[in-house]
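Residues per chain, in single letters:
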Amino acid sequence: MKISARNQLKGTIKNVQEGAVNGVVTICLGENNKVKADITMEAIKDLGLAEGKEAYAVVKASSVMFATDEIKGISARNQLRGTICDVKEGAVNGHVTIQLPSGDKVKGSITNEAIEQLGLKVGGQAVAIIKATEVMVGVE
């Protein structure tokens, strides 16, 4: 199956925190990068999500924000630091891609104005910020 979401990050489930309606699934992409997904308990059970199982964190590019450094005191659970490997500006919006230490790439769609104001350039450092509620989980 192919899907339109630009970010499909494969990793291993480190933890499943169960709640009454939703749970939080933590997927490790490497030693230092983890992605948390806030999904329904029904989905957790249907997908058979458990510690040690391989899974994909799936995120649309439009759900990714960027910062030049990690932000303290923010509710977004996912802050992934990497090196900018591609910047493409369009008429109004552009795409920024960072490569994580694990080799995974995260692409975000943001305004050209944000790209310029943040000074996002190939070779620079950036942090991709993603709310846990914007992360879908997939399994093979």
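Residues numbered from 1 in each chain as written. Predicted model: local features only at pLDDT ≥ 70, side-chain atom pairs only at ≥ 80, totals over all residues. Heavy atoms only, no water.

(A) Examining the nonpolar core more closely. In this structure, Ile 27, Phe 66, Ile 98, Val 106 and Leu 120 are the most contacted members of the largest nonpolar core, which totals 30 residues. When near neighbours in sequence (up to four residues on either side) are disregarded, Phe 66 contacts Val 96, Ile 98, Val 106, Lys 107, Gly 108, Ile 110, Leu 118, Leu 120, Ala 126, Val 127 and Ala 128. (Core = buried A, V, L, I, M, F, W, Y, C linked by side-chain atoms within 4.5 Å. Buried < 20%, exposed > 50% of the residue type's maximum accessible area, 1.4 Å probe, protein only. Contact = heavy atoms within 4.5 Å.)

(B) Looking closely at the sheet that holds strand β4 (residues 54-59). One open sheet holds the 5 strands; their spatial order is β3-β2-β1-β4-β10, and the pairing between them is antiparallel. Each having just a single partner strand, β3 (34-40) and β10 (136-138) make up the two edges of the open sheet. Adjacent strand axes in the sheet meet at a mean angle of 45° when their direction is disregarded. For strand β2 (residues 22-28) and β3, the ladder comprises 7 bridges, and the chain directions are antiparallel. Paired with Asn 22 across the bridge in β3 is Thr 40. (Pairing = 2+ DSSP bridges. Helix = DSSP H or I, 4+ residues; strand = E, 2+ residues; numbered from the N terminus. Axes fitted to C-alpha atoms, helices over the stretch in contact; angles between N-to-C directions.)

(C) Molecular detail of the pairing of strand β6 (residues 78-89). Taken together, the 6 bridges between β6 and strand β9 (residues 125-130) define a ladder with antiparallel strand orientation. Residue pairing for β9: Leu 80 is matched across the bridge by Ala 128. Examined bridge by bridge, β6 and strand β7 (residues 93-99) share 6 bridges and lie antiparallel to one another. Paired with Asp 86 across the strands is Thr 97, a residue of β7. Connecting β6 to the antiparallel partner β7 that follows it, the hairpin turn spans 3 residues.

(D) Examining the pattern of salt bridges more closely. Using the criterion set out here, one finds 3 salt bridges in the structure. In this structure, Arg 81 engages Asp 69 in a salt bridge whose closest nitrogen and oxygen atoms are separated by 2.5 Å. Of this pair, Arg 81 sits in strand β6 while Asp 69 sits in the loop between β5 (65-67) and β6; the two residues are 12 residues apart in sequence, bridging distant segments of the chain. (Salt bridge = Lys/Arg side-chain N within 4 Å of Asp/Glu carboxyl O.)

(E) Highlighting the side chain of Asn 7. Within the element layout of this structure, Asn 7 appears in strand β1 (residues 7-18). Since its relative accessible area comes to 1%, Asn 7 is described here as buried. For Asn 7, the side chain forms a polar contact with the main-chain nitrogen of Lys 107, separated by 2.6 Å. In contact with Asn 7, other than residues within four places in its own chain, are Ala 57, Val 58, Val 59, Lys 60, Ala 61, Val 64, Lys 105, Val 106 and Lys 107. (Polar contact = N/O pair within 3.5 Å; in protein donor to acceptor, adjacent residues only side chain to side chain.)

(F) View of the sheet that holds β7. Pairing within the open sheet is antiparallel, and its 5 strands lie in the order β5-β9-β6-β7-β8. A strand with exactly one partner marks an edge of an open sheet, and here the two such strands are β5 and β8 (105-111). Shown here is a sheet whose adjacent strand axes are inclined to one another by a mean of 45°, direction ignored. Pairing of β5 with β9, which is carried by 3 bridges, proceeds in the antiparallel orientation. When the bridges of β9 are listed, Met 65 appears paired with Ile 129.

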